[in-house]
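Chain residues, written in single-letter form:
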Amino acid sequence: MSNIVDPLVGRIAARIRAERERRGWTLAQLAEASGVSRAMINRIERGESSPTAVVLGKLSAAFQLSIASLLALAEGARPERAQDTDGEAGVCRRTETPEWRDPATGYRRRQITGPRFPAEVAEIRLPAGARVPYPAAAFAFVRQVVWVLDGRLSFHDGDDIHELGPGDTLELGDPAPRVFANTTDTECRYAVILTRGARP
């Protein structure tokens, strides 16, 4: 694992703990709400285990946050971004942007926009054969568009399956169980554009 990724795992751990404590929840209460075992949550919060995308989806659903929001909050302000406290525009180099990697599937996610920007934009790289499911609650309180940049994406939206190619976009509706799947033998690269509604 690269030195770009390691600090991000620690920040994700801290964010999960902070979100749990902000709600006054015990580990057992978060485990019950998310379906993730108390032991696993404890290991994640202590930085002893890197959560998978599926586990992050379950935890974000319990917090009523999207997984994108949870990761964006964990990434926070990128220190190398040339942006001042008033939110002025600035440059962020590709090499300076943290990238999160799912230890189970190799899925990689890079946050494009900073924390003050009104929409969240992330670049995702989904390896050949990877499949990442999320519960419906992970999509609460957000409007989201998926935009395929390279490769092909099989997107399961509840009972519907959308086969998306380069340049195709899909605007998501009401929350539903969803799966991002790459059934091809080459990587799929896509962007997720998200705006938040009312936060819990």
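See the structure printed just above.
Residues numbered from 1 in each chain as written. Predicted model: local features only at pLDDT ≥ 70, side-chain atom pairs only at ≥ 80, totals over all residues. Heavy atoms only, no water.

(A) Region of the structure containing the overall build of the protein chain. The helix and strand inventory of the protein chain stands at five helices and 10 strands. A buried classification covers 44% of the 200 residues belonging to the protein chain. Element-wise, carbon and sulfur atoms account for 50% of the exposed surface of the protein chain, whose accessible area totals about 9,700 Å². (Helix = DSSP H or I, 4+ residues; strand = E, 2+ residues; numbered from the N terminus. Buried < 20%, exposed > 50% of the residue type's maximum accessible area, 1.4 Å probe, protein only. Areas by Shrake-Rupley, 256 points an atom, 1.4 Å probe, with all protein chains shown as cover.)

(B) Main features of the pattern of salt bridges. All told, the structure shown has 14 salt bridges when counted by the stated rule. Taking the shortest distance from any N to any O, the salt bridge between Glu45 and Arg20 comes out at 2.7 Å. Note that Glu45 is positioned in helix H3 (residues 38–45) and Arg20 in helix H1 (residues 5–22), a separation of 25 residues in sequence. Residue classification places Glu45 among the buried residues on the basis of a relative accessible area of 8%. (Salt bridge = Lys/Arg side-chain N within 4 Å of Asp/Glu carboxyl O.)

(C) Representation of the packing of aromatic side chains in the model. Here the structure, examined in full by the defined rule, presents six aromatic pairs. Between Trp100 and Tyr107 the ring centres are 5.8 Å apart and the planes differ by 70°, which places this aromatic pair in the edge-to-face class. The burial state of Trp100 is the same as that of Tyr107; both residues are buried. Ring geometry for Tyr134 against Phe139: centres 6.2 Å apart, planes inclined by 75°, an arrangement best described as edge-to-face. Ring-pair connections join several aromatic residues into one group, and the members of that group are Tyr134, Phe139, Phe155, Phe180 and Tyr190. For Arg23, the ring lying beneath its charged end belongs to Trp25, and the centroid distance is 5.9 Å. (Phe/Tyr/Trp six-rings, centres within 6.5 Å; stacked < 30°, edge-to-face > 60°. Lys NZ or Arg CZ within 6 Å of the ring centre and 35° of its normal.)

(D) A look at the packing of helix H2 (residues 27–34) against H3. For the pair H2 and H3, the least separation of the axes is 9 Å and the interaxial angle reads 115°. Viewed along their axes, H2 and H3 adopt a mutual orientation that is roughly perpendicular. Crossing of H2 over H3 shows right-handed handedness. Residue-level inspection shows Leu27, Ala28, Leu30, Ala31 and Ser34 of H2 in contact with H3, the latter providing Arg38, Ile41, Asn42 and Glu45. A per-class count over the contact of H2 with H3 returns five nonpolar, two polar and two charged. (Axes fitted to C-alpha atoms, helices over the stretch in contact; angles between N-to-C directions. Parallel < 35°, antiparallel > 145°, perpendicular 65-115°, else oblique. Left-handed = near helix turned anticlockwise from the far one by under 90°. Contact = heavy atoms within 4.5 Å. Nonpolar A, V, L, I, M, F, W, Y, C, P; charged D, E, K, R; others polar.)

(E) Just H3, in detail. By the burial criterion, the buried members of H3 are Ile41, Ile44 and Glu45. The arc that holds the buried residues of H3, viewed along the axis, is 95°, so those residues lie on one side. Immediately downstream of H3, the backbone of Gly47 shows phi near 75°, a positive value. (Arc of directions from axis to C-beta.)

(F) Structural detail: the nonpolar core. Counting 41 residues, the largest nonpolar core has Ile16, Leu126, Tyr134, Leu153, Phe180 and Tyr190 as the members making the most contacts within it. Sorting elements by how many residues they give to this core places helix H4 (residues 53–63) first, with seven residues. When near neighbours in sequence (up to four residues on either side) are disregarded, Ile16 contacts Leu30, Ile44, Glu45, Leu56, Leu59, Phe63 and Leu70. (Core = buried A, V, L, I, M, F, W, Y, C linked by side-chain atoms within 4.5 Å.)

(G) Region of the structure containing the packing of H2 against H4. Contact geometry of H2 with H4 gives a least axis separation of 8 Å together with a crossing angle of 105°. Classed by the angle they form, the pair H2 and H4 counts as roughly perpendicular. For the pair H2 and H4, the contacting residues are Leu30, Ala33 and Ser34 in the first and Lys58, Leu59, Ala62 and Phe63 in the second. Classifying every residue of the contact of H2 with H4 by side-chain character gives five nonpolar, one polar and one charged.

(H) Representation of the pairing of strand S2 (residues 108–111) within the structure. As paired strands, strand S1 (residues 99–101) and S2 are joined by three bridges and run antiparallel to one another. For Arg101, the partnering residue across the bridge sits in S2 and is Arg108. Linkage of S1 to S2, two consecutive antiparallel strands, is achieved through a turn of six residues, within which Gly106 is found at a positive phi near 85°. Bridge analysis of S2 against strand S3 (residues 120–126) gives four bridges, and the strand direction is antiparallel. From the neighbouring strand, Arg110 faces S3, where its bridge partner is Glu123. (Pairing = 2+ DSSP bridges.)

So far we have only geometry, and geometry alone does not tell us how the molecule works.
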